[in-house]
Amino acid sequence: MSLDVREAAEVTTPPRPRRELTTAFVVSRIAVLAVAAAILLYAVPPLVAAESWISLTLLLVASAVIGYLYLTRRFVPAKYLVPGTVFLIAFQVFPVLYTVSTAFTNFGDGHRGDKAAAISAIETGSVRQAPGSPEYGLSAALKGDSLVFLLVDPKTKQVQEGSPDGLAAVQGARLGVTGKVLEAPGYTVLKAPEAAARAKQIAELAVPTQGGLIKANGLSRAVEGRATLTYDAVCDCVKGGGDTWTADESQGYFVNAKGEHLAQGWQVNVGFANFARVLTDPTLSAHFLGMFTWNMAFALLSVLTTFALGMGVALALHHPKMRGTRFYRIALILPYAMPAFAMLLVWRDLFNRDFGLINQLFGLDVDWMGGMVSAKFAVILVNLWLGFPYMFLVTTGALQAIPRELTEAASIDGAPPWYAFRKVTLPLLLVALTPLLISSFAFNFNNYNAIALTTDGGPFPAESPTVGGTDLLISYTVRLAFGTGSAQFGLAATMSVFIFAIVATISAITFRRTRKQEDVYA
Amino acid sequence: MKLALRHAFVLLVCAFALFPILFVVSAAVNPLGTLASSDLVPNGASLDNFAKLFSSDTYPFARWVFNSVFIALAASTASLLLSMFAAYAFSRMRFAGRRVGLLALLLIQMFPQFLAIVTIFMIFTRVTELYPAFGFNTTWGILLLYLGGALGVNTWLMKGFLDTIPKELDESATVDGATHAQIFWKIILPLVTPILAVTALLAFIGTMSEFLMANIFLRDAESKTLAVGMYGMIAGDGRNANFGMFAAATLITAIPTVSVFLWLQKFIVSGLTAGAVKG
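Not measured: the values here are computed from a predicted model.

Peer 1: Help me out: how do you make sense of the overall build of chain B in this one?
Peer 2: Within chain B one finds 14 helices and zero strands. Counting from the amino terminus, chain B carries its helices and strands in the arrangement α-α-α-α-α-α-α-α-α-α-α-α-α-α. For chain B, the spread of C-alpha atoms along the three principal axes comes to 70 × 70 × 30 Å. Out of the 279 residues belonging to chain B, those deemed buried represent 54%. When contacts within chain B are restricted to residue pairs at least 6 apart in sequence, long-range pairs at least 24 apart make up 72% of them. A total accessible area of about 11,700 Å² is found for chain B, and carbon and sulfur atoms account for 69% of it.

Peer 1: Quick question: what am I supposed to make of a nonpolar patch on the surface here?
Peer 2: Among the surface-exposed residues, A:L361, A:F362 and A:L364 lie close enough to one another that they form a single nonpolar patch of about 310 Å² accessible area. With respect to the helices, strands and loops of the structure, A:F362 is situated in helix α12 (residues 357-362).

Peer 1: Explain the environment of A:E463 to me, please; I cannot follow it from the model alone.
Peer 2: Residue and element names in this part refer to chain A. Along the chain, the position of E463 falls in the loop between α16 (448-452) and α17 (473-482). On the basis of relative accessibility, which here comes to 68%, the residue E463 falls in the exposed class. Considered as a pair, E463 and T283 are 180 residues apart in the sequence and their alpha carbons are 9.7 Å apart.

Peer 1: What exactly am I supposed to notice about the packing of aromatic side chains here?
Peer 2: Note on aromatic pairs: each is described by the distance of the centres and the angle between the planes. In total, this model carries 46 aromatic pairs over all chains according to the counting rule given. Consider the rings of A:F87 and A:F91, whose centres lie 6.5 Å apart with planes at 25°: the pair is stacked. Of this pair, A:F87 and A:F91 both sit in helix α4 (residues 76-102), separated by four residues, roughly a single helical turn. For the pair shown, A:F87 and A:F91 are each scored as buried. Through pairs of rings, three or more aromatic residues link up here, namely A:W347, A:F351, A:W368, A:F377, A:W385, A:F388, B:F16 and B:F19.

What counts and how
Residues numbered from 1 in each chain as written. Chains lettered and ligands numbered in written order. Predicted model: local features only at pLDDT ≥ 70, side-chain atom pairs only at ≥ 80, totals over all residues. Heavy atoms only, no water. Helix = DSSP H or I, 4+ residues; strand = E, 2+ residues; numbered from the N terminus. Buried < 20%, exposed > 50% of the residue type's maximum accessible area, 1.4 Å probe, protein only. Contact = heavy atoms within 4.5 Å. Areas by Shrake-Rupley, 256 points an atom, 1.4 Å probe, with all protein chains shown as cover. Patch = residues over 30% accessible without salt bridge, like charges linked within 9 Å, V, L, I, M, F, W, Y side chains within 5 Å. Salt bridge = Lys/Arg side-chain N within 4 Å of Asp/Glu carboxyl O. Phe/Tyr/Trp six-rings, centres within 6.5 Å; stacked < 30°, edge-to-face > 60°.

Next up, the structure:
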């Protein structure tokens, strides 16, 4: 009896099973450590060289956390979530947050760097040769990896090294007949074609001297000049040429009394100025509303037309007596399997006015991409072609999941086919497919490819050469940031924030509504 | 009669689906090789365009095919694994922050990565300075970028599918002493082949067609993908003259996709809808 009790006690408190050390276990730990070590070995030296201590700290902390995570037996869910999350944070979350913060700045052409960089660019850019200043023979050379000037004084034949740190004497250089340096110990003198390839770098190099700067004048001469514009820290202004430009921290520019500014500015926080500009700047806001309306219409029509056509053929094929469905199915899926980017470009040419197939086939002479309405129609038709096979595929699948008894019951009850479809089949289809329709809407709302590769936003009306008739918010944003003209990264980031807000709102509303619908039908 | 109507409708849609493809085939075999001379019915047949494509000095086409297929295969495989890991955790384990994590994924996914293209451009300008091997014009750089979107829709799709697989399976395996890693690799993974196939296919097609990022990222002729390279082929002056080559290139580009498609065909319908219904 007492024996039995002891046995029972043992059963209720079993010893924790000790998992043996399997080979897989050991190998995977070693692999994790090796990968971590390799990443550290590879990533640390450049960060140290660039002295970016914050990034270095982040990297070390992240590797320590990951190493700890995979070497303990705890935190099992995290082991599975971390790999994807690392990428998600680095290339999605961080860029989004960074974009939001950029939306509050004037970052873009003319405002790329900080104030010190702007001042030095203004000063070196204004260097003019002072009368009677010396002229040097110039050879561009490499000292290690950095570009330096080898300067020869034409009178004394003395050779000096010119770098952004200033002048330094060079010993043992061999001069050619033209007065240029041919060879110098410790330097690699660039030959003419090599120097020409680095012409931009050479033009930018400025060697500070006591009275001014030495800059290259072509590839074989250098002159000493003085900056005609100089920065005065006392008044926080730039003086020169009989004018004064005072720093305006709200604009990130040096502005003079007449309200003109110097070309080079710096990056500053502009608060909600970009947001206000999108909504109130007459040239922008007028287009913003139009663009937004078209953007909504494009996304909605794309979803509706593709779904209608895809479902239509799926229903037509969904009949027990239908023959040849295999062949039809392959033909209908082919557009989905063709490379979308290439077919978009092909469609652009099908709509070509002069030798496009559509005009030829139907004997038309329509300038499809040149008219506001016809271009919109063309873009939607192209998107229908690209999108309906996907809808066909998913409706086919969803149809097979609907029991035939349901529709049969309806027809026995005397319901006409159309009525049965509307009251039985369609609601069931919608329950299954709504999430896909919503994500299709979100995708088409930002379908950059469909626009960029067909119309490129065009046609452009004469009064607004930057906003085209078929421009989506996203294609306009990309043009703001990378298009022709000056890059306006700050404003482009603001547009991105707007788009995000719009898409998030729409999706939130629709998801909420769908949940209600599911309650009704499920 | 009704059946005839169905056939007529489907045939009409088939014609709509096929005629641009026919046009491409016709242009590809058109010996003149210009857009102006292309028609729905080819006026001659030759493989000149294909030959020109592979012998061209200005367009390293073979290199582009390699880049594209490599990037698409690597990106879809890697993102498949990453999202499968996450889906396994979300479906099978209960932990603090699980709900928040799932919702956060959905929300983040709504901010398309290319809306942040400006910032990504700036980040990679810095990366290019520090680690040239992962910077602009590199396969590894753009792969990293694509993996940023690995979690998200895929994870939701797979989680929906995993939820339908009975938990008793892994419970009995745990009783038999299997570790979570063994359950994942030996029990779960073989059971989710349909959804893996579909996600892989979608990821493959998506990566092959990706244009915006690649166009900003890959500027060297040698590093371009098909999307970027072929766009350049018929940009500006080349639009009419290179059209035959472009059409031939389009057909070649379709080969990997169509083969993957045919290979995975039997999984596609069931996989797509399983994810949709349960999503």
